[in-house]
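Each chain is listed here by its residues.
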Amino acid sequence: MGRAFEFRKARKMKRWGNMAKTFTRLGKQIAIAVAEGGPDPDNNAHLRAVIATCRHENMPKDNIDRAIKNAIGKDKSAWKSVTYEGYGPHGIAVFVDTLTDNTTRTVADVRSVFNKFNGNMGTTGSLSFLFDHYSQFTFKKKEGLDMDEFILEAIEFGVNDEYDEEYDEEKDETTITVYGDPKSFSQIQKFLEENGFEITGAEFTYVPNDLKEVTDEQRETIDKMVERLEEFDDVQNVYTNMK
């Protein structure tokens, strides 16, 4: 029934390379979650999901608590989720997901990278046909879990039948990543929590539906562009359709 996705998010392994930037980005996500549903994770599913991601990324508890405290009473309208898209080197589609309190600054930063790499920024939605939008959850696989049975049950809560399974030798554990309709985020989270799965990550993601082959030399250039975009604190994720 279930089948593995044949993609990985572009450069995700490098996205979290700088710990300070990681904590800054997670702090913004905490602020949004607190503004939406309050500071108590027991009564705020979105905040619980962000905290799970923080723990998985080894963000200290003091940092998490401080971010929650600093977010109390703040207006979530101060932050905006904005996506920028266009074509980078060699015709590769590039999708940049940001969380910003200053769109003028952010668009200037993103545009400067596209220009530097001879890319071309498009209007919002111009590349939407190349990417599918999903809610994404990663959790630790229970011993003896039958994935076919799991997927059959999870589909009722908005989960797709595609998933990723990955084994971590250092931690000696296997994680499962499932995907679903963005509108099903809350009910997927509730389904996983009520069935005792330990969530290690939860977010919205964009999945390329048409991967493009590149040479090693072309990949190197595109990697440099992605890394440059990821240096900006406002940038949350960068996606490409590079195979």
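These figures come from a predicted structure and were not determined experimentally.

**Some words on the pairing of strand β8 (residues 199-208)**
For β8, the buried fraction is high: nine of the 10 residues fall into the buried class. Bridge count for strand β5 (residues 131-140) against β8 is nine bridges, and the pairing is antiparallel. Along β8, the bridge assignment pairs Ser135 with Phe204.

**Digging into the sheet that holds strand β4 (residues 120-121)**
Read from one edge of the open sheet, four strands run β4-β2-β3-β9, paired in antiparallel fashion. Taken across any chain shown, the strands that pair with only one partner, and hence form the sheet edges, are β4 and β9 (235-240). Bridge analysis of strand β2 (residues 80-87) against β4 gives two bridges, and the strand direction is antiparallel. The residue bridging Tyr87 from the neighbouring strand is Asn120, located in β4. With respect to the sheet, helix α2 (residues 19-37) is in contact with β3 (93-100) and β9, its orientation differing from that of β9 by roughly 110°. Here helix α8 (residues 216-230) sits on the sheet in contact with β3 and β9, set at roughly 165° to β9.

**Examining the packing of aromatic side chains**
The relative placement of two aromatic rings is captured by the distance of their centres and the angle of their planes. Counted according to the given criterion, the structure contains 11 aromatic pairs. Judged by centre distance (5.4 Å) and plane angle (75°), the ring pair of Phe150 and Phe197 falls under edge-to-face. Taken together, the positions of Phe150 in helix α6 (residues 147-154) and Phe197 in the loop between α7 (185-194) and β8 put the pair 47 residues apart, joining distant regions of the chain. Side by side, Phe150 and Phe197 carry an identical accessibility label, which is buried. Pairwise contacts between aromatic rings join Phe139, Phe150, Phe157, Phe191 and Phe197 into one cluster. Stacked on the ring of Phe197, the Lys or Arg Lys142 has its end atom at 4.4 Å from the ring centre.

**Let's talk about the confidence of the model for the chain**
Averaged over every residue, the pLDDT of the chain is 88; the share at 70 or more is 92%. Taken element by element, the chain is modelled with least confidence in helix α1 (residues 12-15), mean pLDDT 41, and with most confidence in helix α5 (residues 103-116), mean pLDDT 96. Residue range residues 1-17 is modelled with pLDDT below 50. Its contacts to residues more than four positions away, or to other chains, number 50 contacts.

**Details of helix α3 (residues 45-56)**
Spacing of three or four residues puts side chains on the same side of an α-helix, whose turn is 3.6 residues. Over its 12 residues, α3 extends 17 Å from the first C-alpha to the last, a length consistent with the 16 Å expected when each residue adds 1.5 Å. Restricting attention to buried positions, one finds in α3 the residues Leu47, Ala49, Val50, Ile51, Ala52, Thr53 and Cys54. In this fold, the buried residues of α3 make contact with α2, α4 (61-71), α7 and β8. Its side-chain oxygen at 3.2 Å from the backbone nitrogen of His46, Asn44 defines the N-terminal cap of α3. One or two residues past the end of α3 sits Asn58, with phi positive at roughly 65°.

**Points about a negative patch on the surface**
On the surface, Glu166, Asp168, Glu169, Glu170 and Asp172 cluster together into a negatively charged patch. Within the secondary structure layout, Asp168 lies in strand β6 (residues 159-168).

About the cut-offs
- Residues numbered from 1 in each chain as written.
- Predicted model: local features only at pLDDT ≥ 70, side-chain atom pairs only at ≥ 80, totals over all residues.
- Heavy atoms only, no water.
- Buried < 20%, exposed > 50% of the residue type's maximum accessible area, 1.4 Å probe, protein only.
- Helix = DSSP H or I, 4+ residues; strand = E, 2+ residues; numbered from the N terminus.
- Pairing = 2+ DSSP bridges.
- Contact = heavy atoms within 4.5 Å.
- Axes fitted to C-alpha atoms, helices over the stretch in contact; angles between N-to-C directions.
- Phe/Tyr/Trp six-rings, centres within 6.5 Å; stacked < 30°, edge-to-face > 60°.
- Lys NZ or Arg CZ within 6 Å of the ring centre and 35° of its normal.
- pLDDT = per-residue confidence, 0-100.
- Expected span 1.5 Å × (residues − 1).
- Polar contact = N/O pair within 3.5 Å; in protein donor to acceptor, adjacent residues only side chain to side chain.
- Patch = residues over 30% accessible without salt bridge, like charges linked within 9 Å, V, L, I, M, F, W, Y side chains within 5 Å.
- Areas by Shrake-Rupley, 256 points an atom, 1.4 Å probe, with all protein chains shown as cover.
- Salt bridge = Lys/Arg side-chain N within 4 Å of Asp/Glu carboxyl O.
- Lys, Arg positive; Asp, Glu negative; His and termini not counted.
- Charge placed at Lys NZ, Arg CZ, Asp CG, Glu CD.

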